[in-house]
Amino acid sequence: MAALDIQNVTKTFGSTSVLKDVCLEVRDGEFLTLVGASGCGKSTMLRVIAGFEAQDSGSIAIGDRIVDALRPKQRNVAMVFQSYALYPHMTVAQNMSMPLIMQRLRLIERLPLIGRLSPRRAAVMQSIREEVEAVARQLHIEPLLDRKPAQLSGGQRQRVALGRAMVRHPDVFLMDEPLSNLDAKLRVHMRTELTELHKRLGVTFIYVTHDQVEAMTMSDRVALMDEGRIVQLGTPSELYHDPADLRVARFIGSPGINVLPGRVDAAGIEVGTAMLPLRTDAPVAGMVQVGLRPETLTLEPVAGAPVLKARLQTVENLGAEVFLHCELDGDEAQFIVREPLDVYERARAAGRLAAVIDIGIDPTRALLFDLDGRRVAGGVAARAAAVPSRVASAE
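Structure report, in brief.

What counts, and where the lines are drawn
Residues numbered from 1 in each chain as written. Predicted model: local features only at pLDDT ≥ 70, side-chain atom pairs only at ≥ 80, totals over all residues. Heavy atoms only, no water. Pairing = 2+ DSSP bridges. Helix = DSSP H or I, 4+ residues; strand = E, 2+ residues; numbered from the N terminus. Contact = heavy atoms within 4.5 Å. Axes fitted to C-alpha atoms, helices over the stretch in contact; angles between N-to-C directions. Buried < 20%, exposed > 50% of the residue type's maximum accessible area, 1.4 Å probe, protein only. Parallel < 35°, antiparallel > 145°, perpendicular 65-115°, else oblique. Left-handed = near helix turned anticlockwise from the far one by under 90°. Nonpolar A, V, L, I, M, F, W, Y, C, P; charged D, E, K, R; others polar. Core = buried A, V, L, I, M, F, W, Y, C linked by side-chain atoms within 4.5 Å.

On to the sheet that holds strand 1 (residues 4-13), then. Across a sheet, strands are paired by hydrogen bonds formed along the backbone, either parallel or antiparallel in direction. The four strands are arranged 2-1-4-5 in an open sheet whose pairing can be described as antiparallel. Sheet topology places strand 2 (16-26) and strand 5 (65-66) at the edges, where each strand pairs with a single neighbour. Here strand 4 (residues 57-62) runs beside strand 5; their pairing, made up of two bridges, is antiparallel. Each residue of the ladder has a partner; that of A61, found in strand 5, is I66. Against the sheet, helix 1 (residues 42-50) engages strand 1, strand 2 and strand 4, with an angle of about 115 degrees to strand 1.

Given below as structure tokens:
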């Protein structure tokens, strides 16, 4: 196992700056995910760590070794690719054995005919077979060892790619969107398998994805990247509940955060027809952006809570919960309310889903941003302490 220390790494391709002074510390045995939109630099960062690309400046240490001048095979990292990168003419056992064969057999011992004359080759190959079978048992692919990749499903190929990495006993696993080629149901299953595998191995995992659900459900910590920089590093809960800026707030969460215009007043912040009893560092009479997660809004406002007047546009019934797509009354600003099905059914039975409906707000969980998307310091005013809050799980 090994920690990883990235200091001030930059990388350009021609005139395009892809990584901009990236600093990141990955703890020993941690599952850390690099997440962000396509083109943000996360895959390039992974390739720089692996040694496939050389950084223009900065330094990378794995454990207590500076690896900047080391070739990929000398860094003791294993990479799992999006495309699996399996040899189609080899069996599963041969694919998994290849890293160890290249590592342990001399060049002459790897030759098809002459190599068999080596007295040590048989013993080395037997040791490799035993290690491959042990890893195959861990991944539940023992019955597949004699098959070729074309005879495997996507999930089976993914396990083979993981097995090929595991047999090397690397200090760090690097995974570049390994689940993106799988169907939705299999992705959910493989997320659980990868999390359990990390717990069993206790090795440092660095995982790259553009899927925020993968990042939130699998990681110890998440580093959100944008335009070649790390915007925020923290636990999934920290990125969800305490985003550093609006880019993080918009990216993390499904459905996405509601962002409504707010006007700062001496009494608080006015959002549509609601007055949020919030204090803020923003100037009075200034404008802010108010971030409201869908679960902070409700069809059953508690007594004394701020209430938005809204028009109901569409309803998405997901079975256990309902997403209500709404529009501010007298405004075109749109937002989503996330409610349990029973709350929605009660509101409908009571006739509260008319042309204009009341939406309650939990002001204790509102997030404030300036017009440039920077987080604005603020909180619930003292007089709002008496307003009950409807606490709902966001994860």
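On to the pairing of strand 6 (residues 77-80). Here strand 6 shows a buried face lined by V77 and M79 and a second buried face lined by A78 and V80. The pairing of strand 6 with strand 7 (residues 172-176) spans four bridges and is parallel. Bridging across to strand 7, V80 finds its partner in M175.

Take the sheet that holds strand 8 (residues 204-209) next. What the six strands build is an open sheet, ordered 6-7-8-3-9-10; its pairing is mixed. Looking at strand neighbours, the two that pair on one side only are strand 6 and strand 10 (229-234), the edges of this open sheet. Mean inter-strand twist for the sheet, computed between neighbouring axes without regard to direction, equals 20 degrees. This element, helix 4 (residues 154-166), spans strand 6 and strand 7 of the sheet and lies at about 170 degrees to strand 6.

We now examine the packing of helix 2 (residues 92-104) against helix 4. Where helix 2 meets helix 4, the axes come as close as 7 Å, and the angle between the chain directions of the two elements is 30 degrees. Taken together, the axis directions place helix 2 and helix 4 in an arrangement best described as roughly parallel. As helix 2 runs across helix 4, the sense of the crossing is right-handed. When helix 2 is examined against helix 4, the residues V92, N95, M96 and P99 are found in contact with a partner set consisting of V160, G163 and R164. Classifying every residue of the contact of helix 2 with helix 4 by side-chain character gives four nonpolar, two polar and one charged.

Glancing now at the nonpolar core. M96, L162, F173, M175 and L194 are the most contacted members of the largest nonpolar core, which totals 38 residues. Among the elements that line this core, the one with the most residues is helix 3 (residues 121-139), at seven residues. Contacts of M96, omitting those with residues within four sequence positions, involve V132, V135, A136, I141, L145, V160, G163, R164 and V167. In this structure, L260, L308, F335 and V376 belong to the second largest nonpolar core, which totals 30 residues.

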